[in-house]
Amino acid sequence: MIEVKDLMFKYPKAKEKTLKELNFKIDKGEIFGFLGPSGAGKSTTQKILIGILKDYLGSVKILGKEIINWNTDFYEKIGVSFELPNLYHKLTALENLDFVKSFYSGKKEDSKKLLEMVGLEKNADVKVSKYSKGMKMRLNFVRAFIHNPDIVFFDEPTSGLDPLNAKNIKNIIMEKKHQGKTIFLTTHNMTVADELCDRVAFIVDGEIKLIDSPKKLKIEHGKRNIKVEYIDKNKFQEKDFALKGIGYNDEYIKLLREKEIKTIHTQEATLEDIFVQTTGRKLL
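Residues numbered from 1 in each chain as written. Predicted model: local features only at pLDDT ≥ 70, side-chain atom pairs only at ≥ 80, totals over all residues. Heavy atoms only, no water.

K.L.:
Got a sec to walk through the sheet that holds strand β11 (residues 225-232)? Specific residues and values, please.
P.N.:
Spatially, three strands are ordered β12-β11-β13 in an open sheet, and the strand pairing comes out antiparallel. Edge positions in the sheet fall to β12 (235-242) and β13 (260-266), since each of these pairs with one other strand and no more. The mean angle between the axes of side-by-side strands here comes to 20°, regardless of whether they run parallel or antiparallel. Bridge analysis of β11 against β12 gives eight bridges, and the strand direction is antiparallel. Bridge pairing in β12 places V228 opposite K239. This element, helix α9 (residues 250-258), spans β11, β12 and β13 of the sheet and lies at about 135° to β13. (Pairing = 2+ DSSP bridges. Helix = DSSP H or I, 4+ residues; strand = E, 2+ residues; numbered from the N terminus. Axes fitted to C-alpha atoms, helices over the stretch in contact; angles between N-to-C directions. Contact = heavy atoms within 4.5 Å.)

Dropping the structure here:
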C-alpha cells in the first residue's frame, strides 16, 4: 500500500535535511505507527505521503504508483485527519460532512451514521462554532472516512479527548483495520501506539532508528523476570524471580502457596522505555 525508499527532504533555506534516507513498507490492513518527539520529522513525512510536499528525493509509492505521478484521483484513495481540526465553523456537523462528501465521486459513507459512530448524532444540526474542542476532534476524525478511502492518515487521533471517547476512537480504528483499511498513525503517545499498531517506526532527527512490532520489541528489550507482589506480616512486599525455569523455582512456588498474592506480572519494557534505549532521547 505504501513503499518508501531512500526518502530525503530539505526545507528551503534549512541548513540540514529534515528527512534522511527513510525506508519502510506498509501492507494492506496494517496499522503503522510513526513515533517520535516533536520536530523529529513525523509531520514532514506525512505531508509527503499525502501529496502536500513535492520536492523530495527518493521514491514514495502509494498503491504501487509514485506519488508525483498521481492526479487528483489520488485523493479518492486516501483520508486524512490532522491533529488540529480544520472545520467550517458556520456550518453544522452534518453540513460539514455533506459538503466534504460533495468533493468526491466514488462510494461515500452515510453522514448521519458517521456522526453516530463518534456520539455526535444529537448534535448533528448544531453549528460547529458551538462545539467543544473534543467534539471538533471527533468530527474531524470521522470526516476522514466520508469517501471510503483505502488508506487513512491520522495525526494524534486521541489528543484532547476524554478516556471514554478516546477508547471509542481506538475501537473505530481497529474496526477499520479489520475491514481492510490501511492506517498510518503519527503520534508521540506510546500507549496509543502499543494498543493499536501492528508495527511501529521510531524516528529521531529525520532518521528511522528502529522498525518492528510492539510485542517483539517489548519481549526483546524487557527483563526476563517475574515480579510478585504479596502481603507478608500485614506489609506489602515484592520479589523478583528469573523467568527461566520458574516452574522449578522452590522459593517462587512456596511464595505462591503460603502468601497472600496481590499481583504477578512479567517485567516488560514499555515502548517509551525502548524508545529511550534505542534513540537516547525522551518523548517531549
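K.L.:
Which residues make up the nonpolar core, and what values do they have?
P.N.:
Ranked by size, the top nonpolar core spans 45 residues in total, and within it L115, L139, F141, F154, I173, F202 and L271 carry the most contacts. Every residue in contact with F154, bar those within four places of it in the chain, is listed here: Q46, S81, F141, A144, F145, I173, I183, F184, L185 and T186. Counting residues in hydrophobic clusters, the runner-up holds 27 residues, among them I50, I67, F74 and I203. (Core = buried A, V, L, I, M, F, W, Y, C linked by side-chain atoms within 4.5 Å. Buried < 20%, exposed > 50% of the residue type's maximum accessible area, 1.4 Å probe, protein only.)

K.L.:
Summarise the pairing of strand β3 (residues 31-35); cite the residues concerned and give the values.
P.N.:
Among the five residues of β3, five are classified as buried, and the element is accordingly described as predominantly covered. Here β3 runs beside strand β8 (residues 182-187); their pairing, made up of five bridges, is parallel. Bridging across to β8, F34 finds its partner in T186. The pairing of β3 with strand β9 (residues 199-204) spans four bridges and is classified as parallel. Bridging across to β9, F32 finds its partner in R199.

K.L.:
Which residues make up the sheet that holds β3, and what are the values?
P.N.:
A sheet is described by the order of its strands in space; here six strands give the open sequence β6-β7-β8-β3-β9-β10, paired in mixed fashion. Each having just a single partner strand, β6 (78-81) and β10 (207-212) make up the two edges of the open sheet. For this sheet, the mean angle separating the axes of adjacent strands, direction not counted, is 15°. One ladder, built from four bridges, connects β6 with strand β7 (residues 151-155); its direction is parallel. By the bridge assignment for β7, G79 is matched with V152.

K.L.:
With reference to specific residues and values, describe the pairing of strand β4 (residues 57-62).
P.N.:
Sheet topology places strand β1 (residues 2-9) next to β4; five bridges connect them, and they run antiparallel. Within the sheet, the bridge partner assigned to K5 lies in β4 and is S59. The sheet contact formed by β4 and strand β5 (residues 65-66) spans two bridges and is antiparallel. What sits directly across from K61, in β5, is E66. Counting the residues that bridge the hairpin from β4 to β5 gives two residues, and of these L63 lies at a positive phi of roughly 55°.

K.L.:
Would you mind going over the packing of aromatic side chains in detail, with residue names and values included?
P.N.:
For the coordinates displayed, the defined rule picks out 17 aromatic pairs. Between F24 and F34, the ring centres sit 5.7 Å apart and the planes meet at 50°, which makes this aromatic pair tilted. Here F34 lies in strand β3 and F24 lies in strand β2 (residues 19-26), a separation of 10 residues in the sequence. Under the relative-accessibility criterion, F24 is labelled buried at 5%. On the numbers, 5.5 Å between centres and 75° between planes, the contact of F141 with F145 is edge-to-face. Here F145 falls in the buried class, since its relative accessible area comes to 2%. An aromatic cluster of three or more residues is present, and its members are F24, F32, F34, F153 and F184. The aromatic ring of W70 is capped on one face by K65, whose charged end is 4.3 Å from the ring centroid. The ring of F241 has K239 sitting right over it, with the charged end atom 5.9 Å from the ring centre. (Phe/Tyr/Trp six-rings, centres within 6.5 Å; stacked < 30°, edge-to-face > 60°. Lys NZ or Arg CZ within 6 Å of the ring centre and 35° of its normal.)

K.L.:
Describe a nonpolar patch on the surface, naming the residues involved and giving the relevant values.
P.N.:
On the surface, Y88, F99 and F103 cluster together into a nonpolar patch covering about 300 Å² of accessible area. By the element assignment, F103 lies in the loop between α3 (93-101) and α4 (111-117). (Patch = residues over 30% accessible without salt bridge, like charges linked within 9 Å, V, L, I, M, F, W, Y side chains within 5 Å. Areas by Shrake-Rupley, 256 points an atom, 1.4 Å probe, with all protein chains shown as cover. Salt bridge = Lys/Arg side-chain N within 4 Å of Asp/Glu carboxyl O.)

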